[in-house]
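Working through the structure, step by step
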Amino acid sequence: MKSFIFDVLYDLNNRGKDLSKLTFVLPSKRAGLFLKQELSNVVNKTIFSPTIVSIEEFVEELAQLKTISNTELLFEFYNSYVQLTKKDERDTFEGFSKWAQILLQDFNEIDRYLISQSNIFEYLSAIKELEHWSLEEHKTKVVKDYLKFWDKLKIYYKHYTESLLSKKIGYQGLIYREAIENIQSYINSKQGTYHIFLGFNALNTAEETIIQELLQNEMAETFWDVDKAFLNNPIHDAALFTRQHRKSWKYFRDNPFNWLTSNYTSPKEITVLGIPKNIGQAKTIGTLLKSISKHNPSLESTAVVLGDEDLLIPVLNSIPKSVDSLNITMGFPLNSIPLASLFELLFTIQKKGTGNYYHKEVISILSHQFIKPLFLFEAIDTASTIIENIQKNNLVYLSISDIKKHNKTHHELIDLLFSNWNDDAQKAISNCFKIISKLKDNLSEEKDSNTLSLEYLFRFNTLFNELFRLNEGFSHINDISALYGIYKELLSSETLDFQGEPLLGLQIMGMLESRVLDFETVIISSVNEGILPSGKSNNSFIPFDVKIENDLPTYKEKDAVYTYHFYRLLQRAKNIYILYNTEADTLTGGEKSRFINQLELEGIHDIKHKIITPKVPGLKVGLKSLKKTESVIEQLKAIAKKGFSPSSITNYIRNPMDFYYQRLLNIKDIEDVEETVAANTMGTVVHNTLEKLYTPYIGSFLSIEGLKAMKAEIDATTTYFFNKEYKDGDMTKGKNLIVFEIAKRYVLNFINLEIDDLKQGNTIKIVALEEENKITLPISELDFEVSIKGTVDRIDEYNGITRIIDYKTGKVSQNQVEIVDWKDIATDYKKYSKSFQVLTYAYMLNYSKPQNSPMEAGVVSFKNLSSGFLKFMKKEQVRGGKKNSLITQDTLDSFYEELKKVIIEICNPDIDFIEKEV
């Protein structure tokens, strides 16, 4: 395949032009590399390299001005703003930067298109005067300030541009405007220089003027890369600008228009692939490259053009290992590397400036991959120790002293991370330098290769150096919040450049980087509306109709630019793969691009359109099972000797695998800070409060006077146990205060229930509270000792009948403590776990202290206190319309048989632990 650049060089060489004396002006720097490569294919002798410059470099030479970064332009603009605005009317630098960025873009557009500044600013001011909403003769301050802003635009512009010109610097538009001023003197001083402009398309007014001046003075030649199929079609946007140039430039009335080609209509294999999601596109690109490399192993003249540059990392991860030569023209965004997340966290906590830090943010910083190694002390991970103490003590918000209290060895580092910033921008930058230095020292000490991490540090050190330089020079950043805004601005534009072979193998690039370049095989991703083309967006203070009036570009022209780039990629390519996302997206939508529809409607090429549905293998998610090895059996014997608790047995009934994880592997739930009091914490508090209040009455009958006296102690006792269980958690506000009040109400309501019972003539004697019990079961089927153990919340005598009571802070209803068939109690956890638990307590009590008379067992549900004591019942015991709730020896014997079956099953080596669907 002969590229456009080759054709231009070949033509010039054939016409006897001395290539080494020419000045080539290209749309981008990157195209210059390919031009040098093509020179070696055209010229068969040694020559001096010609002058090769990008259009931006050429215009800078004309203007004798230097381009500076957007961030520095913003600082310079704020200087002008401060000088022209009264102190009481000024925005802070942070507030200013939010609207000034847009205004700078408008200044740039106005200058690039050589619009009369005074005319357009006066026009805008007049429009805003008409638009404002106040019809009053005396305008409010808001309206006055609003109109004053528009009136001042002309003054801002004049002062700002004069200030920049005095320093020989400028933004792109200003440099273009100055270049026009200097074009005649350039022509006079460069009479022997011949310029070749090649591959241009959309030119602003300044560029058009410069090129036309050089053409008219016979100091230049232009080569357009446009196909007849586009140029001859009056509605095809790929040639929108070229048609305008051909029609309106005087030069082309008497001189040829170079060139019109017929490459687009040559045979091509075009495949359009609809793929769900971005990751799907990345994986498909990998598959396509693997297929292409079978007949083109080096992937020469193959390009992957990313419509959405966020696809870079997924695509890199999808490239086949067989690809040896690779060049990536775009950099890796600095805000995507792990170190960026660290500084994001640090700025987030420092911006608040409260001195108290949210536990999740503190934990995120301490556990960050770059920070955690700094907390190593004598092989001890002290960062983990701090985190454990935060979780253990339930610290939702922490002060510096709280963090230091749990670490005696790294106070200086803790200060560096969490304090000493004092809302001072320079201090913050200084601290960031110190953090980078500490990270560098740590990485340099490690034996493992940390080249990439050190490169990260170098780039961030460079970024903070730039921040330091800007603030030293301008002193506009007065607080952390403003510093963070500028940091984000710089970070978004910085990249980590990849090393590769710029002219060999596979090329990965963005759409704009493909200008003037040609490839035989092209893969274009994300060809969706909102991406290619980018669609309607108006990030400008200049209204649409004003832009039309002044010949400024609108979204239509921007769409035409993308149309040209898209079709130009297709012109000389032979194999084309166009990928788009089929899935709807909140921002960009799921609609395929109009470019695809246009290709299909043109009818020039046979388009193969496929929708790819990822083949997801059917996963057989079966229930897990685990064989009981000798080691497992030995563990079970140890647990059996120590004693099964009622909750562990019901846990086995619910799901044997949970029992295995929790009892044999000792896997516990992840401990985390309770921002809101958890249900189990509240349950513990209520249990402990009732135990404390009722303990003086053990062995005694309750009295109404005694219970009334208890009420006075509820608040203090509940508070004491909340402080004990919830550690340093805050109970004074929010949901926690509600939970605290609910817990007190539970206790109060229970005591009132007992008072009502006594008033009705019933007697209650407290026998035991939180009584621990352990018994050995006589299971002859097992050749080892088996015990069960448990703690009963309360045992009392109610009108002479022994009651075993289990407190539940959740809601329990009567049907949850009733059974029909004994077999169900050991199989249905959801319905009968409460019955199983209270009967286990009853069995243990009767076994250790045989009861001479029947007893009752049941639940007190604090969410269902109106139902009182919910007694265990077996429905078959109903006689004469009444339920008999007494637990007899027969009841306990029947339960024991079911209990024994469960324990034998747990310990049986031939019965696996089999997962149940919960």
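Everything here concerns the structure above.
Notes on the structure in this doc start here. (Residues numbered from 1 in each chain as written. Predicted model: local features only at pLDDT ≥ 70, side-chain atom pairs only at ≥ 80, totals over all residues. Heavy atoms only, no water.)

Counting residues in hydrophobic clusters, the biggest one holds 95 residues, and the most contacted among them are Leu339, Phe343, Phe418, Phe460 and Tyr487. With 84 residues, the next largest nonpolar core counts Leu39, Val527, Leu532 and Phe595 among its residues. (Core = buried A, V, L, I, M, F, W, Y, C linked by side-chain atoms within 4.5 Å. Buried < 20%, exposed > 50% of the residue type's maximum accessible area, 1.4 Å probe, protein only.)

A word on the layout of surface pockets. Of the volumes computed, that of the second largest pocket is approximately 640 Å³. Forming the walls of the second largest pocket are 19 residues, and the residues nearest its centre are Ser647, Ser648, Thr650, Lys808 and Gln837. Where the lining of the second largest pocket is concerned, the elements lending two or more residues are α27 (646-654), α28 (656-664), α29 (679-694), β24 (787-798), β25 (801-808) and α33 (829-848). For the lining of the second largest pocket, the per-class residue count stands at three nonpolar, 11 polar and five charged. (1 Å grid on protein atoms, 1.4 Å probe; cavity = no way out; pocket = protein on both sides within 12 Å on 5 of 7 lines; lining within 4 Å. Points joined across faces, edges and corners; volume = space filled by probe spheres on them. Helix = DSSP H or I, 4+ residues; strand = E, 2+ residues; numbered from the N terminus. Nonpolar A, V, L, I, M, F, W, Y, C, P; charged D, E, K, R; others polar.)

Now for the packing of helix α26 (residues 630-642) against α28. It is at 11 Å that the axes of α26 and α28 come closest, and there the two elements cross at 75°. Considering their axes alone, α26 and α28 lie roughly perpendicular with respect to each other. Listed contacts from α28 to Val632, Gln635, Leu636 and Ile639 of α26 are Phe659, Tyr660, Arg663 and Leu664. Tallied by class, the residues present in the contact of α26 with α28 amount to six nonpolar, one polar and one charged. (Axes fitted to C-alpha atoms, helices over the stretch in contact; angles between N-to-C directions. Parallel < 35°, antiparallel > 145°, perpendicular 65-115°, else oblique. Contact = heavy atoms within 4.5 Å.)

Moving on, we get to the pairing of strand β1 (residues 22-26). In terms of residue burial, β1 counts as a mostly covered element, since five of its five residues are buried. Judged by which residues are buried, β1 turns out to be covered on both faces: Leu22, Phe24 and Leu26 on one side and Thr23 and Val25 on the other are all buried. The pairing of β1 with strand β5 (residues 194-198) spans four bridges and is parallel. The partner of Leu22 across the bridge, within β5, is Tyr194. Both β1 and strand β2 (residues 51-54) contribute to a ladder of four bridges, which runs parallel. For Leu26, the partnering residue across the bridge sits in β2 and is Ser54. As a crossover connection, the stretch from β1 through helix α2 (residues 29-42) into β2 is right-handed. (Pairing = 2+ DSSP bridges. Right-handed = clockwise from strand over helix to strand, strands pointing away.)

Our focus in this paragraph is the sheet that holds strand β23 (residues 764-776). Spatial ordering of the open sheet is given by β23-β24-β25-β27-β28, a layout of five strands whose pairing is mixed. Each end of this open sheet is capped by a strand with a single partner; those strands are β23 and β28 (869-871). The mean angle between the axes of side-by-side strands here comes to 40°, regardless of whether they run parallel or antiparallel. Bridge count between β23 and β24: 11 bridges; the pairing is antiparallel. If you follow Ile775 over to β24, its bridge partner there is Ile788. With respect to the sheet, α29 is in contact with β23, β24 and β25, its orientation differing from that of β23 by roughly 120°.

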